[in-house]
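Structure assessment
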Amino acid sequence: MASGVFVTGTGTEVGKTVVAAAIAQTLAREGRRVGVFKPAVTGLDEGVEPDHELLRRAAGSSQSDEEIAPYRYGPPASPHLAAALAGETIDPERLRGAAVAAADGAGAIVCEGVGGLLVPLAPDYLVRDLAADLGYPLVVVAAPGLGTINHTLLTVEASRAGGLKVAAIVLNPWPAKPSEIERSNRETIAELSGAPILTLPRLDLADPGSWPPLKI
Ligand SMILES: Nc1ncnc2c1ncn2[C@@H]1O[C@H](COP(=O)(O)OP(=O)(O)OP(=O)(O)O)[C@@H](O)[C@H]1O
Ligand SMILES: [Mg+2]
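Here goes a summary of the coordinates provided.

Definitions and limits used
Residues numbered from 1 in each chain as written. Chains lettered and ligands numbered in written order. Predicted model: local features only at pLDDT ≥ 70, side-chain atom pairs only at ≥ 80, totals over all residues. Heavy atoms only, no water. Donors = N, O, S within 2.8 Å, 3.2 Å for Na, K, Ca; no water. Helix = DSSP H or I, 4+ residues; strand = E, 2+ residues; numbered from the N terminus. Buried < 20%, exposed > 50% of the residue type's maximum accessible area, 1.4 Å probe, protein only. Salt bridge = Lys/Arg side-chain N within 4 Å of Asp/Glu carboxyl O. Axes fitted to C-alpha atoms, helices over the stretch in contact; angles between N-to-C directions. Parallel < 35°, antiparallel > 145°, perpendicular 65-115°, else oblique. Left-handed = near helix turned anticlockwise from the far one by under 90°. Contact = heavy atoms within 4.5 Å. Nonpolar A, V, L, I, M, F, W, Y, C, P; charged D, E, K, R; others polar. Pairing = 2+ DSSP bridges. Right-handed = clockwise from strand over helix to strand, strands pointing away.

**Digging into the coordination of the magnesium ion (ligand 2)**
At 2.0 to 2.2 Å from the magnesium ion (ligand 2) lie its protein donor atoms, namely Thr17 (OG1), Asp51 (OD) and Glu112 (OE). Sequence positions of the donors to the magnesium ion (ligand 2) reduce to the motif T-x33-D-x60-E. Separated by 95 residues along the polypeptide, Thr17 in helix α1 (residues 16–29) and Glu112 in strand β5 (residues 108–112) bring together distant segments of the chain. For the residue pair Thr17 and Glu112, the accessibility class agrees, reading buried in each case.

Laid out in structure tokens, this is it:
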């Protein structure tokens, strides 16, 4: 079984894809064959590069869209709603099978969640349930600024309440010149969570070769 991580975050748009891509790129540069996985992608109608494409590009993977993200929807909605609007339900068994297939033959697997940990994939199956079923340690992505202590610690508490291990918290994007609040947040979250804290600067997403390593 490939070693892996499951990248979650304090919410949507905090940088889960960018952090997952940086981890995948770091592993690929070390010579590992990297599989990537995202249970569901929504918001394809919005016309920006979808998560599965950035993940594939960063990992240097040849997986198909379907192999990376078995459920893909146009509306920018929670996955359970996007599925319902398409007249279907996300099947946990299919997700688990697809994740195992993505890891098969890979030296490492990087999974990205959807939104935060308590987002439903199906009405009775949360992102946290999938993370627990896959068994990979969590990487929690959080913003560096005001408000992040509460959001991050809530996510860490929800992780541990679900029996999940937090391998690292990544503050993203970490500014070149962090303010006193941002530096203090990093220390406070480290103390109160007991988890290792990493940072990721703003990246040029068009050029993965220029990214600094992000080693978990
Ligand atoms: N370190 C970074 N460098 C450059 N751009 C970033 C960085 N972090 C986040 N962004 C930008 O911020 C936006 C949100 O990031 P991202 O898509 O990774 O969030 P997400 O948590 O994966 O969102 P979603 O919940 O939609 O999957 C994107 O436009 C992304 O390009
Ligand atoms: Mg994303």
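Moving on from the coordinates now.
**Examining the pattern of salt bridges**
A side chain of one charge can pair with a side chain of the opposite charge if their charged atoms are brought near each other. Going through the model one piece at a time under the given rule, you end up with 9 salt bridges. With a shortest N-O distance of 3.0 Å, Glu49 and Arg57 are connected by a salt bridge. Each of Lys38, Asp51 and Glu112 takes part in a single network of salt bridges with overlapping partners.

**Concerning the packing of α1 against helix α2 (residues 51–59)**
Axis separation between α1 and α2 bottoms out at 7 Å; the angle between their running directions is 20°. Put simply, α1 runs roughly parallel to α2. Between α1 and α2 lies a crossing whose hand is right-handed. In contact with Thr17, Val18, Ala20, Ala21, Ala24, Gln25 and Ala28 of α1, α2 contributes Asp51, Leu54, Leu55, Ala58 and Ala59. Split into classes, the residues belonging to the contact of α1 with α2 amount to 9 nonpolar, 2 polar and 1 charged.

**Here's the deal with the packing of helix α7 (residues 148–161) against helix α8 (residues 180–193)**
Contact geometry of α7 with α8 gives a least axis separation of 10 Å together with a crossing angle of 25°. By the angle class used here, α7 and α8 are roughly parallel. For α7 against α8, the interelement crossing comes out right-handed. On the side of α7, the interface is formed by Thr148, Ile149, Thr152, Leu153, Val156 and Arg160, while α8 contributes Asn185, Thr188, Ile189, Leu192 and Ser193. Among the residues forming the contact of α7 with α8, the class breakdown is 5 nonpolar, 5 polar and 1 charged.

**A few points about the pairing of strand β9 (residues 166–171)**
Counting buried positions along β9 yields 6 of 6 residues, so the element is predominantly enclosed. Bridge analysis of strand β8 (residues 138–142) against β9 gives 5 bridges, and the strand direction is parallel. In the sheet register, Ala142 faces β9, and the bridge partner there is Leu171. The β-α-β motif built from β8, the intervening α7 and the parallel element β9 has right-handed crossover chirality. Of the strand pairs in this sheet, β9 and strand β10 (residues 197–199) are connected by 3 bridges, and their pairing is parallel. Residue pairing in the sheet places Leu171 in a bridge with Thr199 of β10. Where the polypeptide runs from β9 across α8 and back to β10, its parallel neighbour, the crossover connection is right-handed.

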